[in-house]
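# A structural walkthrough
These are the residues of each chain, in order.
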Amino acid sequence: MAIRNIVKEGDPVLTKVCRPVEKFDDKLRTLIDDMLETMDANDGVGLAAPQVGILRRLFVIDVGEGRFEFVNPRIIKTSGMQESSEGCLSCPGEFGITRRPMFVTVEAYSRYGDRFTINAEGLFAKAICHENDHLDGVLFKEHVIRMEKR
Ligand code: NI
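Residues numbered from 1 in each chain as written. Predicted model: local features only at pLDDT ≥ 70, side-chain atom pairs only at ≥ 80, totals over all residues. Heavy atoms only, no water.

Another aspect to go through is the coordination of the nickel ion. Of the protein atoms, only Cys 88 (SG), His 130 (NE2) and His 134 (NE2) coordinate the nickel ion, at distances of 2.0 to 2.2 Å. Read from N- to C-terminus, the donor residues coordinating the nickel ion fall into the pattern C-x41-H-x3-H. Remark: His 134 occurs in helix α2 (residues 123-134) and Cys 88 occurs in the loop between β4 (82-87) and β5 (95-100); sequence separation between them is 46 residues. In terms of burial, Cys 88 and His 134 fall into one category: buried. (Donors = N, O, S within 2.8 Å, 3.2 Å for Na, K, Ca; no water. Helix = DSSP H or I, 4+ residues; strand = E, 2+ residues; numbered from the N terminus. Buried < 20%, exposed > 50% of the residue type's maximum accessible area, 1.4 Å probe, protein only.)

A separate point is the pairing of strand β2 (residues 58-61). Both faces of β2 are covered, namely the face carrying Leu 58 and Val 60 and the face carrying Phe 59 and Ile 61. Pairing geometry for strand β1 (residues 46-48) and β2, over three bridges, is antiparallel. What sits directly across from Ala 48, in β2, is Phe 59. Alignment of β2 against strand β3 (residues 68-79), held across four bridges, turns out to be antiparallel. By the bridge assignment for β3, Leu 58 is matched with Val 71. The antiparallel pairing of β2 with β3 creates a hairpin that spans six residues between the two strands, and Gly 64 there sits at a positive phi of about 105°. (Pairing = 2+ DSSP bridges.)

A few words now on the sheet that holds strand β8 (residues 144-148). A sheet is described by the order of its strands in space; here three strands give the open sequence β4-β5-β8, paired in antiparallel fashion. Two strands bound the open sheet, and with one partner strand each, they are β4 and β8. Along the sheet, successive strands turn relative to each other by an average axial angle of 30°, direction set aside. The pairing of β4 with β5 spans six bridges and is antiparallel. Residue pairing in the sheet places Ser 85 in a bridge with Ile 97 of β5. (Axes fitted to C-alpha atoms, helices over the stretch in contact; angles between N-to-C directions.)

Before going further, it helps to spend a moment on the nonpolar core. General note: in soluble globular proteins, nonpolar side chains tend to be found buried as a group. Among the nonpolar cores identified, the biggest contains 17 residues, and Phe 59, Ile 61, Phe 70, Ala 120, Phe 124 and Ile 128 are the most heavily contacted of them. Elements with a minimum of two residues in this core: β2, β6 (103-109), β7 (115-121) and α2. Ranked by the residues each element gives to this core, the list is headed by α2, at five residues. When neighbours within four sequence positions are excluded, Phe 124 is seen to be in contact with Ile 61, Val 63, Glu 65, Phe 68, Phe 70 and Ile 118. In terms of nonpolar packing, the next biggest core, distinct from the first, is built from 14 residues, Ile 6, Ile 32, Leu 36 and Leu 58 among them. (Core = buried A, V, L, I, M, F, W, Y, C linked by side-chain atoms within 4.5 Å. Contact = heavy atoms within 4.5 Å.)

Written as structure tokens, this is what we have:
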């Protein structure tokens, strides 16, 4: 396992649409382990593959409910609304109030290619939306109602 460099805002890699993961192999599992380690080392609650320079549809999340890995995720349902503070490891020191769904249902694959479905709410739901946006080249600022000073 290794801590990888996090790509910062301004790098064009963060504006690209990522391609699906095709091979559920050891290389993928090493990438996921590295992403988890990189997220933890930076006190993040989520990290998407493009943030470590890999243009594949994959992210990891840990909002305190355990570590979750989402390969080829698809948000299939959203409901409700939350307004809360949000930031991103690719935009250090910047925070803003965003509007996100309160509940999301997401379908994804594990590191071994097994499909699963998760219902998430609150912070977990927000993190899923945030990370999923990264896979389409979208940063949280596009959802910000107002930036915060900290
Ligand atoms: Ni982010």
